[in-house]
Amino acid sequence: MTETSATSDFAASAAGECVRQVLVANQLGLHARPASQIAREAQAFAAEISISGPEQTVDAKSILDVLTLAAGQGSTLEIRASGHDAELAVEKISQLFAARFGEK
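Parameters and conventions
Residues numbered from 1 in each chain as written. Predicted model: local features only at pLDDT ≥ 70, side-chain atom pairs only at ≥ 80, totals over all residues. Heavy atoms only, no water. Helix = DSSP H or I, 4+ residues; strand = E, 2+ residues; numbered from the N terminus. Buried < 20%, exposed > 50% of the residue type's maximum accessible area, 1.4 Å probe, protein only. Contact = heavy atoms within 4.5 Å. Areas by Shrake-Rupley, 256 points an atom, 1.4 Å probe, with all protein chains shown as cover. Core = buried A, V, L, I, M, F, W, Y, C linked by side-chain atoms within 4.5 Å. Patch = residues over 30% accessible without salt bridge, like charges linked within 9 Å, V, L, I, M, F, W, Y side chains within 5 Å. Salt bridge = Lys/Arg side-chain N within 4 Å of Asp/Glu carboxyl O. Pairing = 2+ DSSP bridges. Phe/Tyr/Trp six-rings, centres within 6.5 Å; stacked < 30°, edge-to-face > 60°.

*Asks:* Report on the overall build of the protein chain, specifying residues and quantitative values.
*Replies:* Along the protein chain, the regular secondary structure elements total three helices and five strands. When the helices and strands of the protein chain are read in sequence order from the N terminus, they spell out β-β-α-β-β-α-β-α. Counting only residues that meet the buried cut, the protein chain has 47% of its 104 residues in that class. Sequence separation of at least 24 residues holds for 65% of the intrachain contacts in the protein chain that already meet a minimum separation of 6. Summing over all exposed atoms, the protein chain offers an accessible surface of approximately 5,400 Å²; the carbon and sulfur share of this is 51%.

Now the structure itself:
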């Protein structure tokens, strides 16, 4: 996978808020298994974490919320986190996207 399909537009503020754009590169998009991986990873952090698509913003800690994004392959999403561990949370979730959730 190329670097451009992984992540871009990373920003961090002194207030503990981080934002990163990610690309849904896996063929099936954000179906149940990737949504579960995102929620499980997000729940490991104290930070408030959201994922935004073109029409809505959802809680990344909720599998059902992530599924409602209905993000297909090629979709660009924004991960936003705030809190003391926000930067690490955004990094770890971005890595899931970069690895295509373990799918080919």
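*Asks:* Residue-level account of the nonpolar core, with values.
*Replies:* If you look at the biggest cluster of nonpolar residues, it comprises 26 residues, and the most contacted ones within it are Leu-30, Ile-38, Ile-49, Ile-51, Leu-77, Ile-79 and Phe-97. Examining the composition of this core, we find that six residues originate from one element, helix α3 (residues 86-98), more than from any other. Among residues more than four places away in sequence, those in contact with Leu-77 are Arg-20, Gln-21, Val-22, Val-24, Leu-30, Ile-51, Ser-52, Gly-53, Leu-69, Ala-71 and Phe-97.

*Asks:* Talk me through a nonpolar patch on the surface; I want residue IDs and the actual numbers.
*Replies:* Together, Ile-63, Leu-64 and Leu-67 make up an exposed nonpolar region whose accessible area comes to about 260 Å². Note that Leu-67 resides in helix α2 (residues 63-67).

*Asks:* Residue-level account of the pairing of strand β3 (residues 48-52), with values.
*Replies:* Of all five residues in β3, four are buried, a share of seventy percent or more. One ladder, built from five bridges, connects β3 with strand β5 (residues 76-82); its direction is antiparallel. Residue pairing across strands places Ile-49 opposite Ala-81, the latter belonging to β5. Pairing analysis gives three bridges linking β3 to strand β4 (residues 57-59), with the strands arranged antiparallel. Residue pairing across strands places Ser-52 opposite Thr-57, the latter belonging to β4.

*Asks:* Got a sec to walk through the packing of aromatic side chains? Specific residues and values, please.
*Replies:* Going through the model one piece at a time under the given rule, you end up with one aromatic pair. Between Phe-97 and Phe-101, the ring centres sit 5.0 Å apart and the planes meet at 70 degrees, which makes this aromatic pair edge-to-face. You can call Phe-97 buried: its relative accessible area is 1%. Residue class for Phe-101 comes out buried when judged on its relative accessible area of 3%.

*Asks:* Describe in detail unusual backbone geometry, supporting the description with residues and values.
*Replies:* Within the chain, Arg-100 stands out as a residue other than glycine whose phi angle is a positive 55 degrees. With respect to the helices, strands and loops of the structure, Arg-100 is situated in the segment after α3. Judged by its relative accessible area of 26%, Arg-100 falls in the partly exposed class. One non-glycine residue, Phe-101, lies in positive phi territory at about 55 degrees. Along the chain, Phe-101 turns up in the segment after α3.

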